[in-house]
Amino acid sequence: MEGLRTLLKSGSRQETIALGRRLGRLLRRGDVVALSGNLGSGKTTLVKGLATGLGVKSEGEVKSPTYVLMHIYRGHCPVYHLDLFRLDSNAEVENIGWDDLLSGEGVILIEWAGKIKGYLPKDYLEIEIKSSGETSRELSLRPYGSRFKNLLKDLA
Ligand SMILES: Nc1ncnc2c1ncn2[C@@H]1O[C@H](COP(=O)(O)OP(=O)(O)O)[C@@H](O)[C@H]1O
Ligand SMILES: [Mg+2]
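Note that this is a predicted model, so its numbers are computed, not measured.

Quick notes on the rules
- Residues numbered from 1 in each chain as written.
- Chains lettered and ligands numbered in written order.
- Predicted model: local features only at pLDDT ≥ 70, side-chain atom pairs only at ≥ 80, totals over all residues.
- Heavy atoms only, no water.
- Pairing = 2+ DSSP bridges.
- Helix = DSSP H or I, 4+ residues; strand = E, 2+ residues; numbered from the N terminus.
- Axes fitted to C-alpha atoms, helices over the stretch in contact; angles between N-to-C directions.
- Contact = heavy atoms within 4.5 Å.
- Near = heavy atom within 4 Å.
- Polar contact = N/O pair within 3.5 Å; in protein donor to acceptor, adjacent residues only side chain to side chain.
- Areas by Shrake-Rupley, 256 points an atom, 1.4 Å probe, with all protein chains shown as cover.

## Looking at the sheet that holds strand β4 (residues 78-83)
(1) Moving on: Strand order in this open sheet of seven strands is β1-β7-β6-β2-β5-β4-β3, and the pairing throughout is mixed. In this open sheet, the two edge strands, each paired with only one partner strand, are β1 (6-10) and β3 (70-74). For this sheet, the mean angle separating the axes of adjacent strands, direction not counted, is 20°.
(2) Moving on: Taken together, the five bridges between β4 and strand β5 (residues 107-111) define a ladder with parallel strand orientation. When the sheet's bridge partners are listed, Tyr80 is paired in β5 with Ile108.
(3) Moving on: Contacting β2 (32-36), β4, β5, β6 (124-131) and β7 (137-144), helix α2 (residues 43-53) runs over the sheet at an angle of about 165° to β5.
(4) Moving on: With respect to the sheet, helix α5 (residues 146-155) is in contact with β1, β2, β6 and β7, its orientation differing from that of β7 by roughly 135°.

Here it is in structure tokens:
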């Protein structure tokens, strides 16, 4: 069941990274974060923060895995960073071992997650980013399932 959304604003790239880091510290293995928003809205920037909050040492390591679909970073647990922009069909996610990822050891952060809505688990955090100016962004966080309803209370 989806919960109420939380709206956050960011005024700069650094602010988005800091927000991601704060949220990333609350994540743990098994969590899924589904990101959406236009090109250049800041999905990868937010993932830089999420990853460092999860213990990934260098945010420079975090780049959109546009051509390879997935990057894996080493944090406190594995961090799986997916970018599905180039995904042609839903069925393709099965080729990247989606079921193994879901039942696995890590945190899953997905850019263009709207492409695989039907594959998402019962519990996940949806984050939609909208550009509202050159350096201003609106982030809408919506929890699906109790795990993320509680997590958003902790974030607040
Ligand atoms: N408040 C902000 N939050 C995130 N990115 C911002 C912000 N203001 C400007 N930017 C810029 O917008 C771009 C976002 O790019 P990126 O994170 O790669 O987006 P996406 O992954 O959604 O395509 C970067 O060039 C970043 O510096
Ligand atoms: Mg990106």
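## Considerations on the site of ligand 1
(1) Moving on: Taken together, 17 residues lie near ligand 1, and Thr16, Gly40, Lys43, Thr44 and Thr45 sit nearest.
(2) Moving on: Side-chain polar atom of Thr44 to an oxygen atom of ligand 1: 2.8 Å apart, as the coordinates give it.
(3) Moving on: Between ligand 1 and the protein, one listed contact pairs an oxygen atom with a side-chain N or O atom of Arg137 at 3.1 Å.
(4) Moving on: When isolated, ligand 1 has an accessible area of 570 Å², and the protein chains bury 76% of it.
(5) Moving on: Breaking the shell around ligand 1 down by element, the ones donating at least two residues are α1 (13-24) and α2.

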